[in-house]
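Spelled out from the first residue to the last, the chains are:
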Amino acid sequence: MNFLESVKQRARSNKKTIVLPEAFDRRTLDAAHTVLKEDIANIILIGDERELKASATDLDLSKATFVNPNDYEKRDELCTELYEIRKEKGMTLDEAKRLLKEEPLYLGDMLVKMGIADGMVAGAHYATADVLRPSLQILKTSPGISLVSSFFVMVVPNCDMGENGVFIFSDCGLVQNPNSEELAAIALSSAQSFKSLVGVEPIVAMLSHSTLGSAKHADVDKVIQATKIVKEKAPELKVGGEFQADAAIVPSVGKSKAPNDAAAGNANVLIFPDLDAGNIAYKLVQRLAKAEAYGPITQGISKPVNDLSRGCSADDIVGVVAITAVQCS
């Protein structure tokens, strides 16, 4: 069973409710049809039920729940709660009503906040900043987490490194140039995400152009300090670095370059020193190794909210819905 099928199976065994606020986008409706047909999750679509079904008569959306912003029965309750959350930031009750009527992302986040949905997937139409802004305003970060970041699950075919070719790469899509504390936070969140999604022990490598002091530079110092912070905050976690990429994932190289480090050569969670390195790496692995790349998946928000690429396909949305459902568990 491949990674995505495994994730779908886990989602089926503990079914969650995912809200899709971009129901005006045909790809979202196609994805909802597939998710419901494959029994991966319960789906809430934001929009007028009659209009949406009329626009997709070839799809079976009979098992979806529809939330119409104009006449939703819990609209007043959600408005009051949004006002209470944001009034110190200057939001009025009228503004809360307007946002929930006109901005489906705010309504989707409030459905998650109130426990009506377990998680949300958006971004087929909206930009990343538009997706994350209301999520951070309403749901905020998880307890003990100081930074929202992102990761890709990389599934490399015919690969015996990582967890049988499965890795998490982070951060490849959100945090531009993290400092040591931020890099440590990314590593800690990524380890949790790997455990949650893959179900095995994370082994974390803090990547650099240096392995254990082979090069001297401020960029290397940042990674060294981040590794120290991770070890102090999570002494039970297998984490090593700073490592060059080959020392992180190739057992023979890891043994040669870092013989006394348990993470060397065995890593399945790769933490990149900045967004340039992470983004370049995942795209190269995706194209040259023909790897499957699932993401960017968001981590650090108190409840799962995941962003899509605006170039995504319906199948991509299905995959992210399944991942989000497992994150909710």
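For the structure, see preceding data.
Each value, and the rule that gives it
What you see as residue numbers is a count from 1 along each chain, following the sequence as written. Given that the model is predicted, a residue must reach a pLDDT of at least 70 before its local features are reported, and side-chain atom pairs must reach 80 or more before they are shown or counted; all residues, however, enter totals for whole chains, interfaces and linings. Here the side-chain values reflect all heavy atoms present in the structure, with hydrogen atoms and water set aside. Relative accessible area decides the class of each residue, using a 1.4 Å probe on protein chains only: under 20% of the type maximum gives buried, over 50% gives exposed, and in between gives partly exposed. Helix and strand definitions follow DSSP, with helices as H or I runs of at least four residues and strands as E runs of at least two, each counted in order from the N terminus. Working rule for contacts: check all heavy atoms of both residues, and any pair within 4.5 Å makes them a contact. All axes are obtained by fitting lines to C-alpha atoms, using only the stretch in contact for helices, and the reported angles, taken between N-to-C directions, cover 0 to 180 degrees. With respect to orientation, any angle under 35 degrees is reported as roughly parallel, any angle over 145 as roughly antiparallel, any angle of 65 to 115 as roughly perpendicular, and every other angle as oblique. Only Asp, Glu, Lys and Arg are considered charged, only Ala, Val, Leu, Ile, Met, Phe, Trp, Tyr, Cys and Pro nonpolar, and every remaining residue, Gly among them, polar. Here a strand pair is declared whenever DSSP counts at least two bridges between the two strands. Here the term cavity refers to a set of points on a 1 Å grid, laid over the protein atoms alone, in which a 1.4 Å probe fits but cannot get out; the term pocket refers to an open set having protein on both sides within 12 Å along at least five of seven lines, with lining residues being those that place an atom within 4 Å of a point. Grid points are joined across faces, edges and corners, and a volume is the space filled by probe spheres set on the points.

*Asks:* Would you take a moment to explain helix H7 (residues 128-138) for this structure?
*Replies:* Spacing of three or four residues puts side chains on the same side of an α-helix, whose turn is 3.6 residues. Of the positions making up H7, those classed as buried are Val 131, Leu 132, Pro 134, Ser 135, Gln 137 and Ile 138. Among the structural elements, helix H4 (75-86), helix H6 (104-113), strand E4 (119-122), strand E10 (292-299) and strand E11 (305-307) are those in contact with the buried residues of H7. Once H7 ends, the next one or two residues include Lys 140, with phi positive near 65°.

*Asks:* Looking at this model, I keep getting lost on unusual backbone geometry. Mind explaining?
*Replies:* As a rule of thumb, non-glycine residues mostly have phi less than zero, and peptide bonds are mostly trans rather than cis. Omega for the peptide link from Ser 170 to Asp 171 comes to -10°, which places this bond in the cis form. For Asp 171, the position within the fold is in the loop between strand E6 (166-170) and helix H8 (180-198). Of note, the amide linkage connecting Gly 241 to Glu 242 takes the cis form, showing an omega dihedral of 5°. With respect to the secondary-structure elements, Glu 242 resides in strand E8 (residues 238-243). Here the phi dihedral of Asn 158 falls at roughly 55°; this positive angle occurs in a residue that is not glycine. Among the structural elements, Asn 158 can be located in the loop between strand E5 (149-155) and E6. Since its relative accessible area comes to 86%, Asn 158 is described here as exposed. The phi dihedral of Asn 164 is positive, around 55°, even though this residue is not glycine. Among the secondary structure elements, Asn 164 is positioned in the loop between E5 and E6. Given a relative accessible area of 61%, Asn 164 falls into the exposed group.

*Asks:* How should I be thinking about the packing of H4 against H6 in this particular structure?
*Replies:* Each packed pair of helices is defined by two parameters, the angle between the axes and the distance between the axes. The contact between H4 and H6 brings their axes to 10 Å, and the two run at 90°. For the element pair H4 / H6, the angle class is roughly perpendicular. In this structure, H4 uses Leu 78, Glu 81, Leu 82 and Ile 85 to contact H6, whose residues at the interface are Leu 107, Met 110, Leu 111 and Lys 113. For the contact of H4 with H6, a count of residues per class yields six nonpolar, no polar and two charged.

*Asks:* Help me understand the sheet that holds strand E3 (residues 65-67), please; the structure alone is not making it clear to me.
*Replies:* By way of backbone hydrogen bonds, the strands of a sheet pair with one another, either parallel or antiparallel. Ordered in space as E3-E2-E1-E4-E11, the five strands form an open sheet in which the pairing is parallel. Here the strands that pair on one side only, and so sit at the sheet edges, are E3 and E11. The average angle at which neighbouring strand axes cross in this sheet is 25°, direction not considered. When strand E1 (residues 17-20) meets E4, the two strands line up parallel, connected through two bridges. Paired with Val 19 across the bridge in E4 is Met 120. Along the sheet, helix H2 (residues 26-37) contacts E1 and strand E2 (42-46); its crossing angle with E2, the most-contacted strand, is approximately 160°. Sheet strands touched by H7: E4 and E11. Its angle to E11, the strand with the most contacts, is close to 170°.

*Asks:* Honestly, the layout of surface pockets in this entry has me stumped. Any pointers?
*Replies:* Take a probe with the size of a water molecule and roll it over the atoms, and the empty space left behind shows itself. What the largest pocket holds in volume is close to 410 Å³. As for the largest pocket, its lining consists of 20 residues, and the residues nearest its centre are Gln 286, Ala 293, Tyr 294, Gly 295 and Asp 316. Secondary-structure elements contributing two or more residues to the lining of the largest pocket are helix H12 (275-288), E10 and helix H13 (314-327). Among the elements that line the lining of the largest pocket, the one with the most residues is E10, at five residues. Here the residues of the lining of the largest pocket are counted per class, giving nine nonpolar, five polar and six charged.

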